[in-house]
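Fold and geometry: a report
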Amino acid sequence: MTDFSTTRKFFAAAAMAGSLALASGGVEAQEMTLRGASLFDNEHAYSKTLIRFGELVNEYYDGDVTFDLRGNSELGIEPDYVNFLNQGVAIDYAIIAPSNLARFAPSVPLMDMPFVFRDLDHWNAVLSSDVLKPLEEELLEKADLVIVGYAGGGTRNLISNKPISNLEELAGHKMRVMGAPIQARIFNAISASPSAIAYSEVYNAIQTGVVDGLENESASLLQYKFFEVAPHITLTQHSITVRPIVFSGKSFRKLPKDLQDAVLKAGRDAGEYGRKLESEQDSEKLQQMEDAGQIQVHEFADRDKLLELVLPVQDAYAAELGAEELLNAIRSK
């Protein structure tokens, strides 16, 4: 396991030593190195997206930039990345979950709110537009972070130890949800019985009957073998992940204008590449487990009704955040 306290000490020292090549104002473009960080190995969709980002920058820029991507949580975890990017030290770019940006911009969790996207087409339409620009401007102003593109694409469904295919079967369903209050409020609204449990305890909690299941993406279902205790997958498709590609504002301003332009264009195109890649992998993993007889997949007969039931909860949450206009813009795409 990574010793994160050691990691932080190392990078604090590295920052003081001026570890980034771009920190020196006189560095020529061909000598420039930009550093990235990923929680995963190079086979994961997020890492592949960041690798593609580097390739595209060099394709669009009339110069030579070296991209040094450190994976497998070598540089810590996402909250560490956010701190580094905000301070302009140790790394220049990473993919960050919206929940880890919320301390700077409280409205950011709207990107991850269950049922905010009707389907993959709606999700793609929002991320391909400028609807989220107010959040981008808020992050730049409050955290000095530049969103250059949007990756993501994992579809979250119900994972259960029993079949669920309609509202009657969903009623009272004991399920683990993430700790964010909006998660419990949403699933309460659709008649389930949600509770926040540490992720590391979920498998055992299902095994012992504390909960009947959880909600997650196919990749996690496969990686953590939840299918061993909860083999029923209900296609509620309640969340489609949004994962911003974030660049340090302090690093960005040190780049020459033509390289800034290349970074912005590459971020947009790498995000599109990453969304397609992850959504395809998500479907493939689900099919892989179904073909292996590890899971049974169930359609949900009343999904339109679920969308109706959560509307008041979403409206109230957006009002609390002062983000009614943003929510309406997302819905209207």
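How each quantity is defined
Residues numbered from 1 in each chain as written. Predicted model: local features only at pLDDT ≥ 70, side-chain atom pairs only at ≥ 80, totals over all residues. Heavy atoms only, no water. Helix = DSSP H or I, 4+ residues; strand = E, 2+ residues; numbered from the N terminus. Rg over C-alpha atoms; globule rule 2.2 N^0.38 Å. Contact = heavy atoms within 4.5 Å. Phe/Tyr/Trp six-rings, centres within 6.5 Å; stacked < 30°, edge-to-face > 60°. Buried < 20%, exposed > 50% of the residue type's maximum accessible area, 1.4 Å probe, protein only. Lys NZ or Arg CZ within 6 Å of the ring centre and 35° of its normal. pLDDT = per-residue confidence, 0-100. Arc of directions from axis to C-beta. Axes fitted to C-alpha atoms, helices over the stretch in contact; angles between N-to-C directions. Parallel < 35°, antiparallel > 145°, perpendicular 65-115°, else oblique. Nonpolar A, V, L, I, M, F, W, Y, C, P; charged D, E, K, R; others polar. Pairing = 2+ DSSP bridges. Left-handed = near helix turned anticlockwise from the far one by under 90°. Salt bridge = Lys/Arg side-chain N within 4 Å of Asp/Glu carboxyl O.

Attention shifts here to the overall build of the protein. The helix and strand tally for the protein stands at 13 helices and nine strands. Whereas a compact globule of 333 residues would reach a radius of gyration of roughly 20 Å, the protein reaches 21 Å, a difference of no more than 12%. Viewed in the frame of its principal axes, the protein has a C-alpha envelope of about 65 × 45 × 35 Å. Put simply, of all contacts in the protein between residues at least 6 apart along the chain, 75% involve residues at least 24 apart.

In this section: the packing of aromatic side chains. What the rule picks out here adds up to nine aromatic pairs. Consider the rings of tyrosine 199 and phenylalanine 226, whose centres lie 5.8 Å apart with planes at 75°: the pair is edge-to-face. Of the two residues, tyrosine 199 sits in the loop between strand S6 (193-196) and helix H8 (202-207) while phenylalanine 226 sits in the loop between helix H9 (218-223) and strand S8 (232-248), which places them 27 residues apart along the sequence. A residue is classified by how much of its surface remains accessible, and tyrosine 199, at 27% relative accessible area, is partly exposed. Ring geometry for tyrosine 224 versus phenylalanine 226: centroids 6.0 Å apart, planes at 35°, classification tilted. A relative accessible area of 41% places tyrosine 224 in the partly exposed class. A connected cluster of aromatic rings, assembled from ring pairs, spans Phe53, Phe67, Tyr93, Phe247 and Phe252. Across from the ring centre of tyrosine 60, 4.3 Å away, lies the NZ or CZ of lysine 265, which sits over that ring. Looking at arginine 275, its charged tip hangs above the ring of tryptophan 123, at a distance of 5.9 Å from the centre.

A few words now on the confidence of the model for the protein. Overall, the predicted model of the protein reaches an average pLDDT of 89, with 91% of residues at or above 70. In this model residues 1-29 is a low-confidence stretch, pLDDT under 50, and it forms 39 contacts with partners more than four residues away in sequence or in other chains.

Within helix H5 (residues 133-143) the residues assigned to the buried category are Leu135, Glu138, Leu139 and Ala143. Buried residues of H5, seen end-on, are gathered within an arc of 100° and therefore sit on one face of the element. Those residues of H5 that are buried lie in contact with helix H3 (78-87), strand S4 (145-160) and helix H13 (324-332). Just past H5, the residue aspartate 144 takes up positive phi, approximately 55°.

This part covers the packing of helix H12 (residues 303-321) against H13. The N-to-C vectors of H12 and H13 enclose an angle of 140°; their axes lie 8 Å apart at closest approach. Classified by the interaxial angle, the pair formed by H12 and H13 is oblique. Across the interface between the two elements, Leu311, Gln314, Asp315, Ala318 and Ala319 of H12 pack against Glu324, Leu327 and Arg331 of H13. Here the residues of the contact of H12 with H13 are counted per class, giving four nonpolar, one polar and three charged.

Turning to the pairing of strand S2 (residues 65-70), a few remarks are in order. When strand S1 (residues 32-37) meets S2, the two strands line up parallel, connected through six bridges. When the bridges of S2 are listed, alanine 37 appears paired with arginine 70.

Below, the discussion takes up unusual backbone geometry. Located in the positive-phi region is serine 73, a residue other than glycine, with phi close to 60°. Considering the arrangement of structural elements, one finds serine 73 in the loop between S2 and H3. Judged by relative accessible area, serine 73 falls into the buried class, the value being 13%. Non-glycine residue lysine 225 carries a positive phi angle of around 55°.

Moving on, we come to the packing of helix H2 (residues 45-60) against helix H11 (residues 257-291). Orientation of H2 relative to H11, taken along the N-to-C sense of each, is 145°, at an axis distance of 8 Å. For the element pair H2 and H11, the recorded crossing hand is right-handed. In terms of residue class, the contact of H2 with H11 is made up of 13 nonpolar, four polar and five charged.

Proximity of charged atoms lets side chains of opposite charge pair with each other. Under the defined criterion, the tally for this structure stands at 18 salt bridges. Close ionic contact of aspartate 144 with lysine 250 constitutes a salt bridge, the shortest N to O distance being 3.2 Å. Linking aspartate 144 in the loop between H5 and S4 with lysine 250 in helix H10 (residues 249-253), this pair joins segments that are 106 residues apart in sequence. Overall, the relative accessible area of 32% leaves lysine 250 in the partly exposed class.

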